[in-house]
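Report on the structure
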Amino acid sequence: MITNTITPDQAMIDGLAEEMRRDPRVLTFGEGTATKHYKLVEEFGHKRVRNTPLAEGIIAGTAAGAAATGLRPVVDLLFAPFLTFAMEELINSAGKLRFISGGQFSFPMVAIARTGAGWAVGGQHNHNVESWFVHAPGIKVVMPSTAADFKGLMKSAIRDENPVMFFADIGLLHTPGEVPEGDHVVPIGKAALRREGSDVSLISYGKTVQKCLDAADMLRADGISAEVIDLSSLKPLDEAGVLSSVLKTGRAVIVHEASGMCGVGAEVAAIIAEKAFGQLKAPVVRITGPDAPPAASYPLEQAFVPQPDRIAKSVKLVFGGHT
Amino acid sequence: MLGEGRNTVTTVETVIDRSVTQKLETMLLIRTFEEKSAELKAAGHSPSMCTSVGQEASAAGVISALGEHDLILTNHRSAGHLLARGADPNRVMAEIHGKATGYCGGKSGSLHISVKEIGVILTSTIVGGELSLVTGVGLSLQMLEMQGIATVFFGDGAATEGIFHESLNLAAVWDLPILYVCENNQWQAYVHRKETMRIDHVSEWGARYGIETRTVDGNDVEAVAAAARDAVAYIRTTGKPFLLETFTYRLRGHMEPDDQAYVDKEELSRWRSKDPITTLERKLLTDGVLTATELAAMKESVRKKVEAAAEFAIASPYPTVDQLTTDVYA
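This one's a predicted model, so the numbers in the text were calculated from it and none came from an experiment. (Residues numbered from 1 in each chain as written. Chains lettered and ligands numbered in written order. Predicted model: local features only at pLDDT ≥ 70, side-chain atom pairs only at ≥ 80, totals over all residues.)

1. Some points on the confidence of the model for chain B
Residues and elements named next belong to chain B. Looking at chain B as a whole, its pLDDT mean stands at 94, while 95% of the residues score no less than 70. Every residue in residues 1–18 is under pLDDT 50, and counting partners more than four places away or in other chains gives 33 contacts. Predicted complex metrics record ipTM = 0.96 and pTM = 0.95. (pLDDT = per-residue confidence, 0-100. Contact = placed C-beta atoms within 7 Å.)

This is how it looks when you write it as C-alpha cells:
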C-alpha cells in the first residue's frame, strides 16, 4: 500500500475531492469554503464549491433540502459551538424527516465541525458537543483520530445515505500522518484496535486516543498491559468491538475530552455494565473534561484534556494503586 | 387594511372561466375537509390540528398556477395545499388520525404531512423549517437541471424567524428558482401580527433582499391565481426567486379546539364578510357561471367525499408497534 504523509486537514479534503470526482452529485459549501479550497474550485468549478453567507442555519437547511432531492452535500460549519445555530435544521429536519414522512426521504449529507483544544480559541470556538448529536435520532456521528481515518471516514460519510456529523479534532488537524493513496474507505460504526493489551481496555476517540497510547507506554513500566480502542464512530457505536476487548481484559477506562455528564463515555460505561458486568474485575472508570467551558489560556486549555499522566494514574488506581 | 403598508396591493382583473368553478370546488373541499377534521377532534376521534379556514383562496389560487414538475414545501397548516395539489382526502384524513393508511403511515399526524408522489415534500412544522429546506430544493433543481420550480408556503409568523431572512438572502445570492408564498393570515399562533411586526406586508422585507415581490388580495382566488401565474412565469424565465404575499385571514383559532376569545370581534366579523368561498359563490351565481342547482350538487359531492374520508380514517388500523423504529436510518 502506497501512503503519503499529510495532515488530517488535507486528508479530509483529499477524501472529499476523490468523492467529488467519483460522483457528480457531491458538492461542498460553507463559510469560506471556496476561498480556502481554491484548488477544488479550479477542478470542480464554482457551482460545486461555494462560499455562503455566515449563516449556519441556512447552510445546514440547504444541505438537508438538497440531500432530500438528489444532491450529496458536504457542508463546513467551521467550529462546533456554531452548530447551535444549525440545530433545528440538523436535528429536526435532517435527523427526523425520514421517519416522520414514513421513509419518503433520505438525507445523504455530511456536516463538518471543528472542536477541541489546540488553538487556544476559548469556549465559543472549542466545545466538544458530539454527544448532543449522538442523542439525536437519524444522525450518524464520526470523530476520527488518525490522518488515514480523516480521509477514510470522510469517504464513507459522503457515501452514506444518512446525515453524518463529522467532528474534526482541532488538536489533530495539522499533525501529519500516514494516509493510504487511492480509494481508502473506513467503515462507519467500526472501532479500531490501536494497541493490543491484556490487562485493561482504554477506550477513547479523537485526540485522547494518542494520550491513551502514551499512557499505555507509561503503564508498561508498571507491568500493566493496556489495550487501546479507538471508537472512531460514536454513532453507530461499535458495541461488539468494545465488549470483546473488555471481556478479554476485564477492566475498562473510558477517556474523552468532552465533559463527562451524559457524554459518550457514560453510554460506553452503561453498555459495559449491562453486558459485561459479570466479567469485570474492577469498576468502570471515566476520565473526561470537566463540567466547564474550555478556557482560551493555554495551560487551562491543556488541563481540560485528559493527559497521559492523569490517565496512567487513574489506570493504576483501577489496579488498587499497585499491580 | 389591505392598503395600509407602503406596498400597494395588486388588483388583478378577475377573469371568469371554466377553471374558476374548479377552484371553487377545491376551496369547498378544503373548507369541508377542515371543518370535518375539527368536528372529529371535538368528538374525540382524532388529535388536535390546525386549520386554514379563510385561507382557501391562497392554496387553490397558487397551486392552480403550478405545473406537474413543480415541488411544494409546506407547514403545519397544510391540508389546503395537499388537497389543492390532488392528495387523496382519505389518506390525508387517515394521517391526521395517526392511522397506518395515512400518507406517512401515521408517523406524521397532521403537523408534517409530505406526499412525495404529488410533489409535496419536506413539510416541516417547525415555524420557518420549510424556509430553511427550500433553498436546498432550489439548489437541486438548479444543479441537476431538473424541470420545475420550488414553491414554499409559510405565514407571517415564520417571516419573523431569522431563517426567513437567511433563506431569502441565499435564494437571491444564488439565483434559486423559488416561489416564496407568504400567507399573511394576520395570526402568529395566539398573537396578532400587529404585536410583532412594524410593517403590514412581508413583501416589503423580501424587496430588501433584492427579490421581486408582490402582495395580492389573498381572499380573491382569481387574483391569487393570476399573480401566481405571473410569478411562476418570471421564475421560469429568469431562474430567480419571487415572493408572493397572499393577504388573508385565519378565521378559526390556532389549533382545534379554540374559542378565539383573544380575537378582536369586529376584525373577525369584517374578515368573515370577506370569506373567500361565499364571496366567490355569490359572484359566480350573479354572473351566471353557476346555477344554484349546480352549486348545491357541487357541495353535495364534496360533502360525500369528506364523509367518505372520515369513515376511511376512523375505520383504518393504527400502525403496529414494530413501526416505532422503522424509517429512522436509511
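2. Concerning the domain arrangement of chain A
Residues and elements named next belong to chain A. The domain architecture assigned to chain A consists of domain 1 (3–180) and domain 2 (192–318). Domain 1 and domain 2 are separated by 26 Å when their C-alpha centres are compared. Counting residues at the interface gives 23 residues for domain 1, matched by 26 residues for domain 2. Among the secondary structure elements, those contributing two or more residues to the side of domain 1 that touches domain 2 are helix 7 (130–134), strand 6 (140–142) and helix 8 (147–159). Residues of the side of domain 1 that touches domain 2, tallied by class, amount to 10 nonpolar, nine polar and four charged. (Domains from an automatic or database assignment. Helix = DSSP H or I, 4+ residues; strand = E, 2+ residues; numbered from the N terminus. Nonpolar A, V, L, I, M, F, W, Y, C, P; charged D, E, K, R; others polar.)

3. Observations concerning helix 5 (residues 129–143) of chain B
In this model, helix 5 of chain B (15 residues) spans 22 Å end to end at C-alpha, consistent with the 21 Å of a helix rising 1.5 Å per residue. Within helix 5 of chain B, 13 of the 15 residues are buried, which leaves the element mostly enclosed by the surrounding structure. (Expected span 1.5 Å × (residues − 1). Buried ≥ 20, exposed ≤ 12 C-beta atoms within 10 Å, placed from the backbone.)

4. Details of the nonpolar core
If you look at the biggest cluster of nonpolar residues, it comprises 181 residues, and the most contacted ones within it are Ala111, Phe166 and Leu202 of chain A together with Val152, Leu179, Tyr180 and Leu244 of chain B. In terms of residue count, helix 8 (residues 221–238) of chain B provides more of this core than any other element does, 10 residues in total. There are two domains that each give this core at least three residues, and those are domain 1 (3–180) and domain 2 (192–318) of chain A. Filtering out sequence-adjacent residues up to four positions away, Leu244 of chain B remains in contact with Leu179, Tyr180, Val181, Arg214, Val216, Ala227, Ala228 and Ala231 of chain B. (Core = buried A, V, L, I, M, F, W, Y, C linked by C-beta atoms within 7 Å.)

5. Examining unusual backbone geometry
With an omega dihedral of 0 degrees, the bond running from Lys235 of chain A to Pro236 of chain A counts as a cis peptide bond. Residue placement: Pro236 of chain A occurs in the loop between strand 12 (233–235) and helix 10 (239–249). Here Glu256 of chain B and Pro257 of chain B are connected by a cis peptide whose omega angle stands at -10 degrees. Among the secondary structure elements, Pro257 of chain B is positioned in the loop between strand 8 (242–247) and helix 9 (265–272).

6. Some words on the environment of Lys41 of chain B
Residues and elements named next belong to chain B. Among the structural elements, Lys41 can be located in helix 1 (residues 18–42). Overall, the presence of 20 C-beta atoms within 10 Å leaves Lys41 in the buried class. Sequence separation between Lys41 and His97 is 56 residues, and the spatial gap between their C-alpha atoms is 9.2 Å. Discounting residues that sit within four places of it in the chain, Lys41 has contacts with Ser46, Ser48, Met49, Glu256 and Pro257.

7. Section: the interface of chain A and chain B
The interface of chain A with chain B comprises 35 residues on the first partner and 32 residues on the second. Those elements that place two or more of their residues in the side of chain A that touches chain B are helix 4 (56–68), helix 5 (87–94) and helix 6 (97–100) of chain A. It is helix 4 of chain A that contributes the most residues to the side of chain A that touches chain B, nine residues altogether. Per-class residue counts for the side of chain A that touches chain B are 14 nonpolar, 16 polar and five charged.

8. Describing the sheet that holds strand 14 (residues 285–289) of chain A
Residues and elements named next belong to chain A. Pairing within the open sheet is mixed, and its five strands lie in the order 9-11-10-13-14. Strands at the two margins of the open sheet, each flanked by one partner only, are strand 9 (192–195) and strand 14. Taking the axes of each pair of neighbouring strands and ignoring which way they run, one obtains an average angle of 25 degrees across the sheet. Pairing of strand 9 with strand 11 (residues 226–230), which is carried by three bridges, proceeds in the antiparallel orientation. Along strand 11, the bridge assignment pairs Arg195 with Val228. (Pairing = 2+ DSSP bridges. Axes fitted to C-alpha atoms, helices over the stretch in contact; angles between N-to-C directions.)

9. What about the sheet that holds strand 5 (residues 110–115) of chain A?
Residues and elements named next belong to chain A. Read across the sheet, seven strands follow the order 3-2-4-5-7-6-12 without closing on themselves; strand pairing throughout is mixed. Lying at the two open borders of the sheet, with one neighbouring strand each, are strand 3 (49–51) and strand 12. Averaged over neighbouring strand pairs, the angle between their axes works out to 20 degrees when direction is ignored. Across three bridges, strand 6 lies against strand 7 (residues 164–169) in parallel orientation. Note on strand 7: the bridge partner recorded for Val141 is Met165. The sheet strands contacting helix 4 are strand 2 (26–30), strand 4 (72–79) and strand 5, and the helix crosses strand 4 at an angle near 165 degrees.

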